[in-house]
Amino acid sequence: MSPTTRIHTTIAVLGAGRVGSNLATGLSGAGHRIVLGVRQPDVTRGQWAGSPVTVTDTAAAITAAELVINATPGDTTLERLSVLRDALAGRVLLDVANATTRTPDGMPGGLLYEGSSLGAQLQAALPHTRVVKSLNTMLFSVMTSPAALAAAPTAFLSGDDITAKTLVRDVLHSLGWADRWLVDLGPISTARGPEAMALMVPALLGAFGFTPFALSVAR
Ligand SMILES: NC(=O)c1ccc[n+]([C@@H]2O[C@H](COP(=O)([O-])OP(=O)(O)OC[C@H]3O[C@@H](n4cnc5c(N)ncnc54)[C@H](OP(=O)(O)O)[C@@H]3O)[C@@H](O)[C@H]2O)c1
């Protein structure tokens, strides 16, 4: 599909934290139907200040969607999504999470899946789900406003299924990502590279402060 073609997909966003709220609002603004899957729907509904979305529990959100975005803590994602294997079967799972251990101040310490990645672990645990890893190498605000940075950001894509990556590409286009900013790294095994970027986050925040940033490949 051309980068300028608009697609409208039903998307489940799991987690209503910084990433989930920002993506739900941005994707809703881009014309997608958003179903927010959260732990306490009544509480989230009462607090929600973003674009109009349907708020429900995690399992119901997955059932309603073609594309599911994991925006929940990466260190517990594998356990939580593995038990939802049947509900996730047949769906594309866009995983934006970083799975790290934490330092006492809550910052990423080390990689939870050394030599592998959360993306690859999810694909192994969910054989009937097509997992795509992307958007984990930037601050959350850049995911929906890529053109706001002074230099063009890169969004890496890792995944075994080309159709699933095409769907994710189309959704990224709808958020303002130019096609030349998207880099298909290959199969889901390649997600270990971008996921390791999480180790740089504390130092980057120390260098720049809490300002929007993204990894970018110059060529
Ligand atoms: N922050 C960033 O700039 C950024 C950038 C790239 C990647 N990421 C990754 O994106 C993911 C989300 O990051 P975030 O900054 O949005 O985190 P966050 O603000 O802490 O939000 C995470 C959300 O996940 C949901 N959740 C579901 N199960 C949970 C559990 N067992 N414990 C805690 N929360 C649970 C919660 O929403 P409900 O209570 O509503 O269910 C919570 O609000 C993480 O994996 C992170 O590594 C973050």
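Here the structure is shown first, and the text comes after it.
Throughout this description, residue numbers start from 1 for each chain and increase along the sequence as written. Side-chain atom pairs in this predicted model are given and counted only at pLDDT of 80 or more, local residue features only at pLDDT of at least 70, and totals for whole chains, interfaces and linings cover all residues.

Caption draft 1: Region of interest: the pairing of strand β7 (residues 108–111). By the convention used here, strands pair only if DSSP detects at least 2 bridges between them. Helix and strand definitions follow DSSP, with helices as H or I runs of at least four residues and strands as E runs of at least two, each counted in order from the N terminus. Relative to β7, strand β6 (residues 100–102) runs antiparallel, the two sharing two bridges. Note on β7: the bridge partner recorded for T100 is L111. Between β6 and the antiparallel strand that follows it, β7, lie five residues; G106 among them carries a positive phi value of about 90 degrees.

Caption draft 2: Here's a closer look at helix α1 (residues 18–29). Its 12 residues give α1 an end-to-end C-alpha distance of 17 Å, which sits within 8% of 16 Å, the value for a rise of 1.5 Å per residue. For every residue, the other C-beta atoms within 10 Å of its own C-beta are counted; 20 or more classify it as buried, 12 or fewer as exposed, and values in between as partly exposed. C-beta atoms are placed from the backbone. Residues V19, G20, S21, N22, L23, A24, G26 and L27 constitute the buried set of α1. This entry defines residue contacts through backbone-placed C-beta atoms, with two residues in contact when those atoms are within 7 Å. Looking at the buried residues of α1, the elements they touch are β1 (10–14), β2 (33–38), β4 (67–70) and α7 (140–144). G31 occupies a position one or two residues after α1 and carries a positive phi of about 105 degrees. Residue count minus one, scaled by 1.5 Å, sets the expected span of a helix.

Caption draft 3: Looking closely at the site of the ligand. Taken together, 20 residues sit near the ligand, with G15, G17, V19, V38 and A97 positioned nearest. Looking at the shell around the ligand, the elements with two or more residues in it are α1 and α4 (74–82). Sorting elements by how many residues they give to the shell around the ligand places α1 first, with three residues. Taken together, the residues of the shell around the ligand sort by class into nine nonpolar, nine polar and two charged. Nearness is defined per residue: the C-beta atom, placed using the backbone, must lie within 6 Å of the molecule or strand. Residue polarity is assigned by list, with Asp, Glu, Lys and Arg as charged and Ala, Val, Leu, Ile, Met, Phe, Trp, Tyr, Cys and Pro as nonpolar; anything else, Gly included, falls into the polar class.

Structural measurements only, silent on function.
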